[in-house]
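Close look at the chain arrangement
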Amino acid sequence: MLPAMRRLDLLAFALTILLLATCSAARAAEGGGASDLLDKGEQLFRQGDTAGALKAFDEAARADPKDARAPYLRGVALEKKGETAAAMAAYRDAIARRPGFAEAHNNLGALLQAKGDAAGAVAELDAAVKANPSYAEAHYNLGIARDAQGKKVEAVVAYKEAVRLRPTDGSYRLNLGAALRRVGDVDGALAALQEATRLLPKDAVAWADLGMILSDKKSFDDAQRALDKSTKLKPDFALAWNRLGRVELRRGQIPASIAAQERARKLEPKNGAFAADLCRTLFEAKDPPRAVAECRAAVTLDPANPLARYELLKALVAKGDCAAAQAELAKFRALPAVKPEAKSQAEMIAKSCAPAKK
């Protein structure tokens, strides 16, 4: 997500598991010993006998300590079993035997990223693309790791290279579009996401991301249609409902906005950002009591959310609860992320409060 993001939303990180058959041709002429054991292990792996495959790969590694294929294939089998730490050790063994083993670097990088070690992942994925510059999957994974580091421009570069190498992969286009939006290239993001939805017509994330780009372009009707398609493809996609609600608000469709935001809230009741968005919509609907309730829920879920506190302040002023509005103003001003101009605007709103008549 990342993710969306495959969002990035930022994100899910794609693990590259090569087809085991790719090693077969290279071993065909060897015959005997480690080669036969690797063939046996591959066959067992394809048959679903992971334990038997691991035993064969271990024997192959002992039979030829210089051959990097056995520990690499062992790593693949260990991933299949869910033994991540052992798989990482196997990939490191393969790399020690063959430093330029791009696939081993890539798989190790993917596992490091899954552990939250973005720096370690980048180091391995850099090694993968240097060893094999035409390795599209490694460039794509490098983009994800760069995104995780917050290096947005470098992420775009990596995604673009992945797309260049494999232009028909919709997932690559999807992540590129999200990354371009993050660096402010709205037109580039629109082109990438339009192509992503063409390649992935049933991908709800692609349509949801396209909807937000169209909204950025102020093409609100087209954005509504894209987001509506996303929610139809995946009715439990809370983020798509939230985005649809925000677009409906920009279209001036208040009841539709409230309905979509309420759907998002029901799907993810602990999401403070969704509660803040619903609060804002309820305020626009001139329903201060409900707006106050939703914004109080939002600040309870996420006390540092400036939007939630700002909207709560507005709703309290609209309700005529001036004492509570002043208290909320103080909390809003204390948030470190709030800019001076936003503080000034909030102060003006608080000053406009007229106590409700009893």
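Since this is a predicted model, take the numbers as computed values, not measurements.

**Comments concerning the overall build of the protein chain**
- Along the protein chain, the regular secondary structure elements total 20 helices and zero strands.
- For a compact globule of 358 residues, the expected C-alpha radius of gyration is about 21 Å, and the protein chain comes in at 26 Å, more than 25% above that figure.
- Considered along the principal axes of its C-alpha atoms, the protein chain spans approximately 95 × 35 × 35 Å.
- Taking all 358 residues of the protein chain together, 52% fall into the buried category.
- Element-wise, carbon and sulfur atoms account for 54% of the exposed surface of the protein chain, whose accessible area totals about 16500 Å².
- Averaged over its 56 positive side-chain charges, the protein chain has a centre that lies 5 Å from the centre of its 45 negative ones.

**With respect to the state of the cysteines**
- Taken as a whole, this structure holds two disulfides when the rule is applied.
- Two residues share a disulfide in this structure: Cys279 and Cys295, whose sulfurs sit 1.9 Å from each other. With the S-S dihedral at roughly -90°, the linkage between Cys279 and Cys295 falls on the left-handed side. Here Cys279, found in helix 16 (residues 272-284), pairs with Cys295, found in helix 17 (residues 288-301); they are 16 residues apart in sequence, far enough to count as distant. Cys295 carries the same exposure label as Cys279, and that label is buried.
- If the cysteines joined by disulfides in the protein chain are listed in sequence order, their pairing comes out as 1-2, 3-4.

**Describing the packing of helix 8 (residues 136-149) against helix 10 (residues 170-182)**
- Direction vectors running N to C along helix 8 and helix 10 enclose 30°, while the axes themselves pass 11 Å from each other. On the basis of the axis angle, helix 8 is roughly parallel to helix 10. Like other packed secondary-structure pairs, helix 8 and helix 10 cross with a definite hand, here left-handed. Where helix 8 abuts helix 10, its residues Ala136, Glu137, Tyr140, Ile144 and Asp147 lie against Ser171, Tyr172, Asn175, Ala179 and Arg182.
- Here the contact of helix 8 with helix 10 is built from residues that sort into five nonpolar, two polar and three charged.

**Concerning helix 7 (residues 118-131)**
- Between its first and last C-alpha atoms helix 7 spans 20 Å; for 14 residues at 1.5 Å apiece the expected length is 20 Å, and the two agree.
- For helix 7, the full list of buried residues reads Ala118, Gly120, Ala121, Val122, Glu124, Leu125, Asp126, Ala128 and Val129.
- Next to the buried residues of helix 7 lie helix 5 (84-97), helix 6 (102-114) and helix 8.

**Here we look at the environment of Ala354**
- Along the chain, Ala354 turns up in the segment after helix 20 (340-351).
- Taking C-alpha positions, Ala354 is 18 Å from Ala291, a pair spaced 63 residues apart along the chain.
- If sequence neighbours within four positions are ignored, Ala354 has contacts with Gly320 and Cys322.

**Things to note about a nonpolar patch on the surface**
- Among the surface-exposed residues, Val153, Val157 and Val183 lie close enough to one another that they form a single nonpolar patch of about 250 Å² accessible area.
- Along the chain, Val157 falls in helix 9 (residues 152-165).
- Taking relative accessible area as the criterion, Val157 reaches 53% and is therefore assigned exposed.

**Comments concerning the packing of helix 14 (residues 238-250) against helix 15 (residues 254-267)**
- At a minimum axis distance of 7 Å, the contact between helix 14 and helix 15 shows a crossing angle of 160°. Comparing the axis directions of helix 14 and helix 15 gives the class roughly antiparallel. The interaxial crossing formed by helix 14 with helix 15 has left-handed handedness. Between helix 14 and helix 15, the contacting residues are Ala238, Trp241, Asn242, Leu244, Gly245, Arg246, Glu248 and Leu249 on the first element and Ile254, Ala256, Ser257, Ala260, Gln261, Arg263, Ala264 and Leu267 on the second.
- For the contact of helix 14 with helix 15, the class distribution of residues is nine nonpolar, four polar and three charged.

Scoring rules and cut-offs
Each chain carries its own residue numbering, running from 1 in the written order of its sequence. In view of the model being predicted, local features appear only for residues whose pLDDT reaches at least 70, and side-chain atom pairs are presented and counted only at 80 or more, with totals across whole chains, interfaces and linings using the full set of residues. Computation of side-chain values: all heavy atoms of the structure, hydrogens and water removed. We count a stretch as a helix when DSSP gives it H or I for four or more residues in a row; a strand needs E for two or more, and each element gets its number in order from the N terminus. Taken over C-alpha atoms, the radius of gyration is set against a globule rule of 2.2 Å times the number of residues to the power 0.38. The buried label goes to any residue with under 20% of its type's maximum accessible area, the exposed label to any with over 50%, and the partly exposed label to all in between, with areas taken from a 1.4 Å probe on protein chains only. For every accessible area listed, the method is Shrake-Rupley and the probe measures 1.4 Å; residues are considered covered only by the protein chains on display. Here Asp and Glu are counted as negative and Lys and Arg as positive; His is not counted, and neither are the chain ends. A single reference atom marks each charge: NZ on Lys, CZ on Arg, CG on Asp, CD on Glu. We call a pair of cysteine sulfur atoms a disulfide whenever their separation is within 2.5 Å. Angles shown run from 0 to 180 degrees and are taken between the N-to-C directions of axes, each axis being a line fitted to C-alpha atoms and, for helices, limited to the stretch in contact. Between 65 and 115 degrees an angle is taken as roughly perpendicular, under 35 as roughly parallel, over 145 as roughly antiparallel, and anywhere else as oblique. Note on convention: the crossing is left-handed when the near helix lies turned anticlockwise from the far helix by less than a right angle, right-handed when the turn is clockwise. In what follows, residue pairs with any heavy atoms lying within 4.5 Å of each other are defined as contacts. Charged residues are taken to be Asp, Glu, Lys and Arg, nonpolar residues to be Ala, Val, Leu, Ile, Met, Phe, Trp, Tyr, Cys and Pro, and polar residues to be all remaining types, Gly included. Under the convention used throughout, the expected extent of a helix is 1.5 Å for every residue step, that is, one less than its residue count. Exposure above 30% relative accessible area and the lack of any salt bridge qualify a residue for a patch; like charges then connect within 9 Å, and the nonpolar side chains Val, Leu, Ile, Met, Phe, Trp and Tyr within 5 Å. In what follows, salt bridge is the name for a side-chain nitrogen of Lys or Arg lying within 4 Å of a carboxyl oxygen of Asp or Glu.

Don't take any of this as a statement about function, it's just geometry.
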